[in-house]
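Okay, here's what each chain looks like letter by letter:
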Amino acid sequence: MTFLRASKSQNLTGTVTVPGDKSISHRSIMLGSMAIGRTTVKGLLEGEDVLSTAAAFRAMGATIEKHEDGTWTVDGVGIGGLQEPDDVLDMGNSGTSARLILGILAGHDITCFLTGDDSLRKRPMGRVINPLSEMGATFESRAGGRLPLMVRGAADVLPITYELPMASAQVKSAVLLAGLSARGKTTVIENKPTRDHTERMLTHFGGEITVEPIEGGGNKITVTGQPELTAADLVVPSDPSSAAFPAVAAAITPGSEVVLPAIGMNPTRSGIFQTLKDMGADLTLSNERIEGGEPVADITIRHAQLTGIEVPEERAPSMIDEYPVLAVAAAQASGKTVMRGIGELRVKESDRLAVVAEGLRANGITVEEGEDWMIVHGTGGKIPGGGTVTTHLDHRISMSFLVMGLVSEKPVTIDDGQPIETSFPNFLELMTGLGADIAPL
Ligand SMILES: O=C(O)C1=C[C@@H](OP(=O)(O)O)[C@@H](O)[C@H](O)C1
Ligand SMILES: C=C(OP(=O)(O)O)C(=O)O
């Protein structure tokens, strides 16, 4: 465990490039491995989560390499062409790797064993086991659908229509990816829109997929099975979920002005930026464009006094990973910030509702918390700090509380900086480059 401490910092200034999008990076390796030909990926996130995905596909026969110019290539084996790995696949800390790979394996007539770290072994896999079993795959898991588990794919995958019981892009993607091996059309109904990178990338690789809006704002997504996916080059935008950390840091640290170029602005991901604006942040977008099928923009963010708001519940899926850092912005704001419809936070790398509330309290903030909601009472710029936060193998908890230490009266300590490697390996270097005072204890 590496303890890190963040202390009150002067204005943060500069232009910094945030690493590639984690969700898109995972999918580029997965779909590249199932395509015919060579896919070249620029800007791949080289975080531990994505490297776990790459290791799994190498173990199943895809050739995945990093080149001298920093690009990656994936030589695919075609749908159905993955081979049985001769050892357990270790998904590390990554829920996305585990759940999407289970979808892909459900359509391969092979047997695989999956495990993960202490955090991932606590997370529910039943949410993918259920629909994938309906499609013909067989599972043996620990109690409660936990890893380690065994999956045996179906020789003949049944196309199904599945209504998501929770807003989850991982479950949606698992079913769609299994549907690639089915004879016929597989449909997923999502009542709340979730990140649509799988849909976009399948189209990019020549898959047949339709998305129809349904009443109430959701979507009906249908994929036609057994297409031939063709390798297609990709440029990965910078990750909006990672950008949220320097963005919130700049918004709350007096005198700051930070520019974050080429950030992914997919509307299913950008809820945090709208929410910060609703709180009074001085955040502007420029150079808006489409790169590799995804909208991107440069973000400029300057310090401004924030005010607490009620975050619209329907916005939750578009900023689900950003609530921990939003809670830090809310602690610095004046007035209270109400967050509802966020029960999914309880099944992330940690129980983020409980862990955020505990971390805020340890630093002198008043928080109310229920099964699927949280209210943070803002201090109007006077966060006491001085606490040590237990991170529970959760990268977003580590980074959020380090951001809080930049503005609190007394430093904030986190008990473990190691998890940051999963999604934002150069976080410390990037933040200290902007002027943040963060150092090992
Ligand atoms: O599909 C994805 O890439 C992800 C979906 C979300 O999870 P859920 O599907 O569990 O909401 C998100 O929290 C995770 O960081 C990445
Ligand atoms: C929830 C997250 O990732 P995953 O589900 O892939 O572990 C995250 O990155 O915040």
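Residues numbered from 1 in each chain as written. Chains lettered and ligands numbered in written order. Predicted model: local features only at pLDDT ≥ 70, side-chain atom pairs only at ≥ 80, totals over all residues.

**A word on the confidence of the model for the protein chain**
Consideration 1: Per-residue confidence for the protein chain gives a mean pLDDT of 98; residues scoring 70 or more make up 100%.
Consideration 2: Interface confidence for the predicted complex, given as ipTM, is 0.99, next to a pTM of 0.99. (pLDDT = per-residue confidence, 0-100.)

**A closer look at the sheet that holds strand β3 (residues 38-42)**
Note on sheets: strands pair through backbone hydrogen bonds, and any given pair is parallel or antiparallel.
Consideration 1: Ordered in space as β4-β5-β3-β14, the 4 strands form an open sheet in which the pairing is mixed. If you trace the sheet from one side to the other, it starts and ends with β4 (63-66) and β14 (234-235), each paired once.
Consideration 2: Alignment of β3 against β14, held across 2 bridges, turns out to be parallel. The partner of V41 across the bridge, within β14, is L234. (Pairing = 2+ DSSP bridges. Helix = DSSP H or I, 4+ residues; strand = E, 2+ residues; numbered from the N terminus.)

**Some details on helix α4 (residues 126-134)**
The α-helix winds at 3.6 residues per turn, so residues separated by three or four positions along the chain end up facing the same way.
Consideration 1: Of the positions making up α4, those classed as buried are V128, I129, P131 and L132.
Consideration 2: For α4, the elements touching its buried residues are α3 (95-106), β8 (138-142), β10 (161-163) and α5 (169-179).
Consideration 3: Phi turns positive one or two residues past the end of α4, at G136, with a value near 115°. (Buried ≥ 20, exposed ≤ 12 C-beta atoms within 10 Å, placed from the backbone. Contact = placed C-beta atoms within 7 Å.)

**Some thoughts on the site of ligand 1**
Consideration 1: In the vicinity of ligand 1, the contacting residues are S23, T96, S168, A169, Q170, S173, R195, I320, D321 and E344.
Consideration 2: Considering every element that reaches the shell around ligand 1, the biggest residue donor is α5, with 3 residues.
Consideration 3: A class-by-class count of the residues in the shell around ligand 1 yields 2 nonpolar, 5 polar and 3 charged.
Consideration 4: Structurally, the shell around ligand 1 is a two-domain feature, drawing no fewer than three residues from each of domain 1 (4-20 + 237-440) and domain 2 (22-235). (Near = placed C-beta within 6 Å. Nonpolar A, V, L, I, M, F, W, Y, C, P; charged D, E, K, R; others polar. Domains from an automatic or database assignment.)

**Here we look at the site of ligand 2**
Consideration 1: The local shell around ligand 2 consists of D49, S94, G95, T96, D321, K348, E349, R396 and S423.
Consideration 2: Residue composition of the shell around ligand 2, by class: no nonpolar, 4 polar and 5 charged.

**Topic: the environment of V236**
Consideration 1: With respect to the helices and strands, V236 occurs in the loop between β14 and α7 (240-252).
Consideration 2: What makes V236 buried here is the crowd of 26 C-beta atoms within 10 Å.
Consideration 3: Taking the C-alpha atoms as reference, V236 lies 38 Å from G335; in sequence the two are 99 residues apart.
Consideration 4: With residues near it in sequence (within four places) discarded, V236 still touches G20, D21, I24, S25, S28, V41, K42, G43, L44 and L45.

**Points about the sheet that holds strand β7 (residues 111-115)**
Consideration 1: Spatial strand order, β6-β7-β9-β8: 4 strands in an open sheet with mixed pairing. In this open sheet, the two strands that pair with only one neighbour each are β6 (89-90) and β8.
Consideration 2: With 2 bridges connecting them, β6 and β7 associate as parallel partners. Residue D90 lies in a different strand from β7, and its bridge partner there is T115.

**Things to note about the UniProt feature "binding site: 3-phosphoshikimate" (unreviewed entry) in the protein chain**
Consideration 1: As annotated in UniProt, the feature "binding site: 3-phosphoshikimate" (unreviewed entry) corresponds to K22, S23, R27, S168, Q170, D321 and K348 in the numbering used here.
Consideration 2: By the secondary structure assignment, S23 is in helix α1 (residues 22-34).
Consideration 3: If we skip the residues at most four places from it in the chain, S23 touches T96, R195 and H197.
Consideration 4: Within the secondary structure, S168 is located in the loop between β10 and α5. (UniProt positions renumbered as here; feature names shortened; annotations may be inferred.)

**Examining the packing of α7 against helix α12 (residues 427-434)**
Consideration 1: Interhelical geometry of α7 versus α12 gives an angle of 25° and a closest axis separation of 11 Å. Taken together, the axes of α7 and α12 are roughly parallel relative to one another. Crossing angle aside, the handedness with which α7 passes α12 is right-handed. For the pair α7 and α12, contact is made by F245, P246 and A249 and by F427, L430, M431 and L434, respectively.
Consideration 2: Of the residues in the contact of α7 with α12, the class split is 7 nonpolar, no polar and no charged. (Axes fitted to C-alpha atoms, helices over the stretch in contact; angles between N-to-C directions. Parallel < 35°, antiparallel > 145°, perpendicular 65-115°, else oblique. Left-handed = near helix turned anticlockwise from the far one by under 90°.)

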